[in-house]
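A closer look at the structure
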Amino acid sequence: MKRSKKNIIPAGHRVIWIIGASAGIGEGLAKYYASIGAKLIISARSRDKLYQVKAACKGNPMNVHVLPLDLEDETSLPEKALEALRIFGRIDTLIHSAGVTQRALAIDTKLSVAQKIMDINYWGPVAITQAVLPAMQQQGRGHIIVISSLMGKIGTRFRSSYAASKHALHGYFESLRPEIYDDNIHISMVCPGFVNTSLGEKALIGNGEKYQKKDDVHIKAMSVSEFVKRLIPHLDKQKEEIFIAGSEIKAIWASKYLPGKLFRRKIREAKVI
Ligand SMILES: NC(=O)c1ccc[n+]([C@@H]2O[C@H](COP(=O)([O-])OP(=O)(O)OC[C@H]3O[C@@H](n4cnc5c(N)ncnc54)[C@H](OP(=O)(O)O)[C@@H]3O)[C@@H](O)[C@H]2O)c1
């Protein structure tokens, strides 16, 4: 199939697999796509929360299928992907929204905690993408949406492993993009700034325990519904890189346009919690 805008299937006619759909941005996307009639597979670890999201979705309940999974259980992921493909017979859009963040200095973060962040944020999405790709290639189209972060482009204090995992996503998916161009498979890298979800409260501190505190930057951040409203028009166009943020977007401009030394001073001074 030739790569062309005419090959974009309207979102309401798609089969969409959302990983990280039990909360936050993934939940917001699930509710939006259900409301326009898409067929959904929703995944995360918490079966109960996924069923709550399913119950809250508008439209035909038969169109929303719950598929619990744990991204840390890497060996289970290829089989989960095959199961997801069997549910509606195909996957048109794969959304990676699951993630865990960090609130600890690099020196205080146990290696096992850094690896856990990498497993959930990077290796899990890679394993699932690899397992879904052959089916997308066979059907001659697909859209992979990766919810990265501004931390996929820059790094700040308290986020060393988180920023590393998000940078890794960019390295992987930017390399994959040209490999699957002729298969008509699109990749959208989404870089949010602060969004008001419970991501920060569940952040891992150095010993792997939860931070259990909502930082000012998240309390004052945009809501999930505002974020989803701003994101959807870009996803409909299958844009390759999407930034949605409040004033923290200035950090990205600064990284591009300020002399390196000045930018790094701004990063040292930045309020990140
Ligand atoms: N909120 C922000 O300010 C912000 C900013 C930039 C980027 N992001 C990115 O946006 C994405 C969504 O974050 P959010 O703010 O919506 O966070 P959230 O509300 O905490 O949602 C995170 C989702 O990931 C799932 N998850 C966590 N660990 C998992 C695992 N081991 N296996 C499977 N699923 C797992 C959670 O479900 P279970 O706990 O049920 O497994 C939940 O559905 C993340 O990738 C995050 O890095 C968020």
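Residues numbered from 1 in each chain as written. Predicted model: local features only at pLDDT ≥ 70, side-chain atom pairs only at ≥ 80, totals over all residues. Heavy atoms only, no water.

1. Here we look at the packing of aromatic side chains
As enumerated under the stated definition, the model contains four aromatic pairs in all. For the pair Tyr-32 and Tyr-33, a centre-to-centre distance of 5.2 Å together with 65 degrees between the ring planes defines the contact as edge-to-face. On the numbers, 4.9 Å between centres and 70 degrees between planes, the contact of Tyr-122 with Trp-123 is edge-to-face. Residue class for Tyr-122 comes out buried when judged on its relative accessible area of 11%. A relative accessible area of 43% places Trp-123 in the partly exposed class. These aromatic residues form a ring-pair network of at least three members: Tyr-122, Trp-123, Tyr-172 and Phe-173. (Phe/Tyr/Trp six-rings, centres within 6.5 Å; stacked < 30°, edge-to-face > 60°. Buried < 20%, exposed > 50% of the residue type's maximum accessible area, 1.4 Å probe, protein only.)

2. Examining the packing of helix α3 (residues 77-88) against helix α4 (residues 111-139)
Relative placement of two packed helices is described by the angle separating their axes and the distance separating the axes. Viewed as axis vectors pointing N to C, α3 and α4 meet at an angle of 45 degrees, and their least axial separation amounts to 9 Å. Overall, the two elements α3 and α4 adopt an arrangement that is oblique. For the pair α3 and α4, the sense of crossing is right-handed. Residue-level inspection shows Leu-77, Pro-78, Ala-81 and Leu-85 of α3 in contact with α4, the latter providing Gly-124, Ala-127, Ile-128, Ala-131, Val-132 and Ala-135. Class assignment for the residues of the contact of α3 with α4 results in nine nonpolar, one polar and no charged. (Axes fitted to C-alpha atoms, helices over the stretch in contact; angles between N-to-C directions. Helix = DSSP H or I, 4+ residues; strand = E, 2+ residues; numbered from the N terminus. Parallel < 35°, antiparallel > 145°, perpendicular 65-115°, else oblique. Left-handed = near helix turned anticlockwise from the far one by under 90°. Contact = heavy atoms within 4.5 Å. Nonpolar A, V, L, I, M, F, W, Y, C, P; charged D, E, K, R; others polar.)

3. Details of the side chain of Ser-148
By the element assignment, Ser-148 lies in the loop between β5 (142-147) and α5 (160-179). At a separation of 2.7 Å, a polar atom in the side chain of Ser-148 contacts the side chain of His-170. Leaving out residues up to four positions away in the same chain, Ser-148 has contacts with Lys-166, His-170, Met-189, Val-190, Cys-191 and Pro-192. (Polar contact = N/O pair within 3.5 Å; in protein donor to acceptor, adjacent residues only side chain to side chain.)

4. Concerning the nonpolar core
Trp-17, Ile-128 and Phe-173 are the most contacted members of the largest nonpolar core, which totals 36 residues. Of all the secondary structure elements, the ones that give two or more residues to this core are β1 (15-19), α3, α4, β5, α5 and β6 (185-192). When sequence neighbours within four positions are dropped, the list of residues in contact with Phe-173 reads His-96, Thr-129, Ile-144, Val-146, Ile-187 and Met-189. Counting residues in each nonpolar core, the second largest holds 32 residues, with Leu-29, Leu-50, Ile-147 and Ile-244 among its members. (Core = buried A, V, L, I, M, F, W, Y, C linked by side-chain atoms within 4.5 Å.)

5. Section: the pattern of salt bridges
Taken as a whole, this structure holds 11 salt bridges when the rule is applied. As a salt-bridge pair, Lys-31 and Glu-27 come within 2.7 Å of each other at their nearest N and O atoms. Pair noted here: Lys-31 and Glu-27 are both in helix α1 (residues 24-35), with a separation of four residues, about one helical turn. A salt bridge links Glu-174 to Arg-177, with the shortest nitrogen-to-oxygen separation between them at 3.0 Å. (Salt bridge = Lys/Arg side-chain N within 4 Å of Asp/Glu carboxyl O.)

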